[in-house]
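One letter stands for each residue in the lines below.
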Amino acid sequence: MICKRIKPSPFVSQFIKEYLLVHLIFNEQEIAPVKAYPINPKEGITFQFRGYLIAETPTLNFTEKRPKVNIFSISPSRQSFYQTHEFMFVNVEFQSGALAQFLKIPMTELTTG
């Protein structure tokens, strides 16, 4: 299992807050744990390399299988994440407002709800 936070170089640190590398492997004989994810004011891009993620938003009665490359912003409500028995991703967390600046659209255009 790997969970490593990596600080960006000074050259991009005005836009990128941190990189997060995660590689999880769970026993296939057991159900992989569910991760409850609270409302969080983060924005970034996730790149999934192994496995997949299903995100459930109970208050909206909405469930989706996340794409391999996922742009995210603040969620309108709590979510539950279900992952496969092996799951590996890199998360690029942007400084507040930097992703909207990069994409040239307001982040409210990308939220569900």
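Residues numbered from 1 in each chain as written. Predicted model: local features only at pLDDT ≥ 70, side-chain atom pairs only at ≥ 80, totals over all residues. Heavy atoms only, no water.

Peer 1: I would appreciate a short explanation of the pairing of strand 6 (residues 62-65) in the present structure.
Peer 2: Regular strands place side chains that alternate from one sheet face to the opposite one. Relative to strand 6, strand 5 (residues 53-57) runs antiparallel, the two sharing four bridges. In the sheet register, Ile-54 faces strand 6, and the bridge partner there is Lys-65. (Pairing = 2+ DSSP bridges. Helix = DSSP H or I, 4+ residues; strand = E, 2+ residues; numbered from the N terminus.)

Peer 1: Quick question: what am I supposed to make of unusual backbone geometry here?
Peer 2: Outside of glycine, negative phi angles account for most residues, and trans bonds account for most peptide bonds. Of note, the phi angle at Asn-61 is positive, near 50 degrees, even though the residue is not glycine. Mapped onto the fold, Asn-61 is located in the loop between strand 5 and strand 6. A relative accessible area of 75% means that Asn-61 is categorised as exposed. (Buried < 20%, exposed > 50% of the residue type's maximum accessible area, 1.4 Å probe, protein only.)

Peer 1: In this structure, what is going on with the pattern of salt bridges? I would like to understand it.
Peer 2: Side-chain pairs of opposite charge can arise where the charged atoms are in close proximity. Under the counting rule described, the total for this entry stands at five salt bridges. Here Lys-42 ties to Glu-93 by a salt bridge, and the two come within 3.8 Å at their closest N and O atoms. Here Lys-42 is found in the loop between strand 3 (34-37) and strand 4 (44-50), whereas its partner Glu-93 is found in strand 9 (residues 86-94), with 51 residues between them in sequence. On the accessibility criterion, Lys-42 (25% relative accessible area) is partly exposed. Measuring nitrogen to oxygen at the nearest pair gives 3.4 Å for the salt bridge that ties Glu-86 to Arg-50. Of this pair, Glu-86 sits in strand 9 while Arg-50 sits in strand 4; the two residues are 36 residues apart in sequence, bridging distant segments of the chain. (Salt bridge = Lys/Arg side-chain N within 4 Å of Asp/Glu carboxyl O.)

Peer 1: I'm lost on the sheet that holds strand 6 in this one. Help?
Peer 2: Backbone-to-backbone hydrogen bonds join strands into a sheet, with any given pair of strands oriented parallel or antiparallel. Taking strand neighbours across the sheet as the criterion, the four strands line up as 3-8-5-6 in an open arrangement whose pairing is antiparallel. The open sheet terminates on both sides in strands that have one partner only, identified here as strand 3 and strand 6. Ignoring which end each strand starts from, the neighbouring axes of this sheet average 20 degrees apart. Looking at chain direction, strand 5 and strand 8 (residues 79-83) are connected through four bridges and run antiparallel. Residue pairing in the sheet places Ala-55 in a bridge with Phe-81 of strand 8. (Axes fitted to C-alpha atoms, helices over the stretch in contact; angles between N-to-C directions.)

Peer 1: Just to check I follow, could you spell out the sheet that holds strand 1 (residues 2-6) for this structure?
Peer 2: Pairing within the open sheet is antiparallel, and its five strands lie in the order 1-2-9-4-7. The sheet is open, and its two edges are formed by strand 1 and strand 7 (69-72), each paired on a single side. Strand-to-strand twist across the sheet, computed as the mean angle between neighbouring axes with direction ignored, equals 15 degrees. Here four bridges tie strand 4 to strand 7, and the two strands are oriented antiparallel to one another. Paired with Thr-46 across the strands is Asn-70, a residue of strand 7.

Remember that the coordinates give geometry; whether it matters functionally is a separate question.
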